[in-house]
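Understanding the architecture of this molecule
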Amino acid sequence: MNKHHNLPSIFVAMDFDSIDDAKNLALKIDPNKCGIKIGKELFTSSGPELVKWFHDQGFKTFLDLKYHDIPNTVSKACKSAARLGVSIVNVHALGGEEMMLSAKKGLDEIQSDTLLIAVTILTSHDEKSLQSIGLEKGLDESVKSLAQQAAKCRLDGIVCSALDLKNIKDLMPKNFIYVTPGVRPHKTNDDQKRVMTPIEAFKAGSTILVIGRPITEANDPNQIINQIYSDFPAD
Ligand code: C5P
């Protein structure tokens, strides 16, 4: 469990397009050891009913829909997510301060304890693609300034690569949370290029590790999760 927010330190990315696959995996893992991240693919195919089913099994959930729209719409979407009972919901920091403030206000209005976090710059961008959409500041500076804007709008944290933490952590509030994908217990040849091992990410300051395929494609997902935890320092 995470010390600050009473959430598991690992969230499993359920990147499936079928309810059956998602349920099968959930039945193999322990809700006391990991939460579930639901992204656009699974949510679009399976919707809120599946999220409720995960909750009924005892899982905490992170609804990773990365809202980016006008402030009023994003605020209402965050409220709907909170009413669904998810523990974490996210928005794009590129939606701007007014949008992030509105999202936060929406959650405050319903006294929600759902954590609101921001995506800064998608890790699929490089310097060239950022230039082409007019973000002249460059990658590191953009990530830094968007993370600072998220904190200014009282968001609870950001999604980022654990490799970026050394550049930004000192500038952020003390209890800010860092949700980090791109974690690989062992070397792989998949599409994640900038990776860290779980213990490296944890030492770099990650609060929650998002791990997909190394767990979802394992013969024994529980064993992988236990192995990851066994590397963590006891506290
Ligand atoms: O299978 P894998 O461990 O690569 O899954 C990582 C998850 O985190 C996927 O759901 C992916 O979409 C998500 N993610 C990411 N990088 C980001 C943001 C989200 O890999 N910057």
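Refer to the structure above for everything that follows.
Residues numbered from 1 in each chain as written. Predicted model: local features only at pLDDT ≥ 70, side-chain atom pairs only at ≥ 80, totals over all residues. Heavy atoms only, no water.

**Observations concerning the overall build of the chain**
- Within the chain, the secondary structure is distributed over 10 helices and 8 strands.
- Radius of gyration (C-alpha) of the chain: 17 Å, near the 18 Å computed for a compact globule of 235 residues.
- Over its C-alpha atoms, taken along the principal directions, the chain stretches across nearly 45 × 35 × 35 Å.
- Burial status across the chain gives 50% buried among its 235 residues.
- A separation threshold of at least 6 residues defines the contact pool for the chain, and within that pool the share at least 24 residues apart is 68%.
- Just so you have it, the chain exposes about 11700 Å², and 48% of that area is on carbon and sulfur atoms. (Helix = DSSP H or I, 4+ residues; strand = E, 2+ residues; numbered from the N terminus. Rg over C-alpha atoms; globule rule 2.2 N^0.38 Å. Buried < 20%, exposed > 50% of the residue type's maximum accessible area, 1.4 Å probe, protein only. Contact = heavy atoms within 4.5 Å. Areas by Shrake-Rupley, 256 points an atom, 1.4 Å probe, with all protein chains shown as cover.)

**Some remarks on a negative patch on the surface**
- Residues Asp15, Asp17, Asp20, Asp21 and Glu41 make up a contiguous surface patch of negative charge.
- Residue classification places glutamate 41 among the partly exposed positions, given a relative accessible area of 41%. (Patch = residues over 30% accessible without salt bridge, like charges linked within 9 Å, V, L, I, M, F, W, Y side chains within 5 Å. Salt bridge = Lys/Arg side-chain N within 4 Å of Asp/Glu carboxyl O. Lys, Arg positive; Asp, Glu negative; His and termini not counted. Charge placed at Lys NZ, Arg CZ, Asp CG, Glu CD.)

**Examining unusual backbone geometry**
- At lysine 66, a position not held by glycine, the phi torsion is positive, near 45°.
- With respect to the helices, strands and loops of the structure, lysine 66 is situated in strand E3 (residues 61–67).
- Lysine 66 sits in the partly exposed class, given a relative accessible area of 21%.
- Of note in this structure, arginine 154 is not a glycine but carries a positive phi near 65°.
- Along the chain, the position of arginine 154 falls in the loop between helix H6 (139–152) and strand E6 (157–159).

**Side note on the pattern of salt bridges**
- The final tally for this structure, using the stated rule, is 10 salt bridges.
- The network of salt bridges with shared partners includes Lys37, Asp64 and Lys66.

**A word on the environment of glutamate 109**
- Within the secondary structure, glutamate 109 is located in helix H4 (residues 97–109).
- Separated by 30 residues in the primary sequence, glutamate 109 and lysine 79 place their C-alpha atoms 8.7 Å from one another.

**Some words on the site of the ligand**
- Close to the ligand lie Ala13, Asp15, Lys37, Thr123, Pro181, Arg184, Gln192, Val210, Ile211, Gly212, Arg213 and Pro214.
- For the ligand, an oxygen atom lies 2.7 Å from a polar atom in the side chain of aspartate 15.
- One of the backbone N or O atoms of arginine 213 is found 2.8 Å from an oxygen atom in the ligand.
- Notes on the ligand: free accessible area 470 Å², of which the protein chains cover 83%.
- At the level of elements, strand E8 (208–211) and helix H9 (213–216) are the ones that each hand at least two residues to the shell around the ligand.
- Of the residues in the shell around the ligand, the class split is 5 nonpolar, 3 polar and 4 charged. (Near = heavy atom within 4 Å. Polar contact = N/O pair within 3.5 Å; in protein donor to acceptor, adjacent residues only side chain to side chain. Nonpolar A, V, L, I, M, F, W, Y, C, P; charged D, E, K, R; others polar.)

**What to know about the packing of aromatic side chains**
- The tally for this structure, following the rule as stated, stands at 4 aromatic pairs.
- For the ring pair phenylalanine 176 and tyrosine 178, a centre distance of 5.7 Å and an interplane angle of 70° mean the geometry is edge-to-face. Taken as a pair, phenylalanine 176 and tyrosine 178 share a single burial class, namely buried.
- Each ring, one from phenylalanine 202 and one from phenylalanine 232, has its centre 4.5 Å from the other, and the planes form 20°; the classification is stacked. Taken together, the residues phenylalanine 202 in helix H8 (residues 198–204) and phenylalanine 232 in the segment after helix H10 (221–231) connect sequence positions 30 residues apart.
- Look at phenylalanine 232 and you get buried, because its relative accessible area is 13%.
- What links up through ring pairs into an aromatic cluster is the set Phe202, Tyr229 and Phe232. (Phe/Tyr/Trp six-rings, centres within 6.5 Å; stacked < 30°, edge-to-face > 60°.)

**Quick look at H4**
- For H4, spanning 13 residues, the distance from its first C-alpha to its last is 18 Å, which sits close to the expected 18 Å at 1.5 Å a residue.
- For H4, the full list of buried residues reads Met99, Met100, Ser102, Ala103, Lys104, Gly106 and Leu107.
- Among the structural elements, E3, helix H3 (71–84), strand E4 (88–92), strand E5 (115–119) and H6 are those in contact with the buried residues of H4.
- Phi turns positive, to about 50°, at glutamine 111, one or two residues after H4. (Expected span 1.5 Å × (residues − 1).)

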